[in-house]
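Architecture and fold: a report
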Amino acid sequence: AYLLEEEARGGYAAANASGPALEAFYPAAARLLGCGGSEVAFVESATRGWMLLLNSVRFNPGDRIITSASDYGSNFVGYLQTRDRFGAEVVVVPDDASGEIDLQKLREEASHPR
C-alpha cells in the first residue's frame, strides 16, 4: 500500500502522510532486537547502512579490515577509503574450492594481533 501511495503522490507526500506509522518502526524494531529505539537505524539501503556503520568506527593505522573475496563491491569502496584515510589494512580472505570463504584462512587472519 505504501509503495502505491508513493507512486501516486510522491515520496515526500507519502512519507509525511505515513509519519506515525514510520516512527512506530523504531520501538518495534528495538523490541525485536532487544535494544533501545535510539540504537536502531532505518536507512534507505543496506549499502547506506553499512557505510554509516563503517564510517562511525575509529580506525588506527595498522588496524585490519578482514573481508571475503565475494563481498559486495560497494563495501570495498568503503574499505579502500578507510585504508586511505586511516592507514588500515584491507585483508581479503580467498574462497575455498566450493566458492565459499575459506574458513581456515579466515581463522588465520582473525588470529592476527591487530
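It should be emphasised that the depicted structure is a prediction, and the values quoted were computed from it without experimental measurement.

1. As for the confidence of the model for the protein
Looking at the protein, pLDDT values average 92 and 100% of them are 70 or higher. Mean pLDDT across the elements of the protein bottoms out in helix α3 (residues 19-23) (83) and peaks in strand β2 (residues 89-93) (97).

2. What about the environment of Pro-20?
Of note, Pro-20 is situated in helix α3. Accessibility expressed as a relative area gives 65% for Pro-20, which makes it exposed. In the structure, Pro-20 is positioned 67 residues away from Gly-87 in sequence and 43 Å away in space, judged by C-alpha atoms.

3. A word on the pattern of salt bridges
Under the defined criterion, the tally for this structure stands at five salt bridges. Arg-9 is the salt-bridge partner of Glu-5, the closest N and O atoms lying 2.6 Å from each other. Here Glu-5 and its partner Arg-9 are both found in helix α1 (residues 2-9), four residues apart, which amounts to about one turn of the helix. When its relative accessible area of 22% is taken as the criterion, Glu-5 is described as partly exposed. For Asp-84, the salt bridge goes to Arg-83, with nearest N and O atoms at 2.9 Å. Through salt bridges with shared partners, a single ionic network connects Arg-64, Glu-89 and Glu-109.

About the thresholds
- Residues numbered from 1 in each chain as written.
- Predicted model: local features only at pLDDT ≥ 70, side-chain atom pairs only at ≥ 80, totals over all residues.
- Heavy atoms only, no water.
- pLDDT = per-residue confidence, 0-100.
- Helix = DSSP H or I, 4+ residues; strand = E, 2+ residues; numbered from the N terminus.
- Buried < 20%, exposed > 50% of the residue type's maximum accessible area, 1.4 Å probe, protein only.
- Salt bridge = Lys/Arg side-chain N within 4 Å of Asp/Glu carboxyl O.

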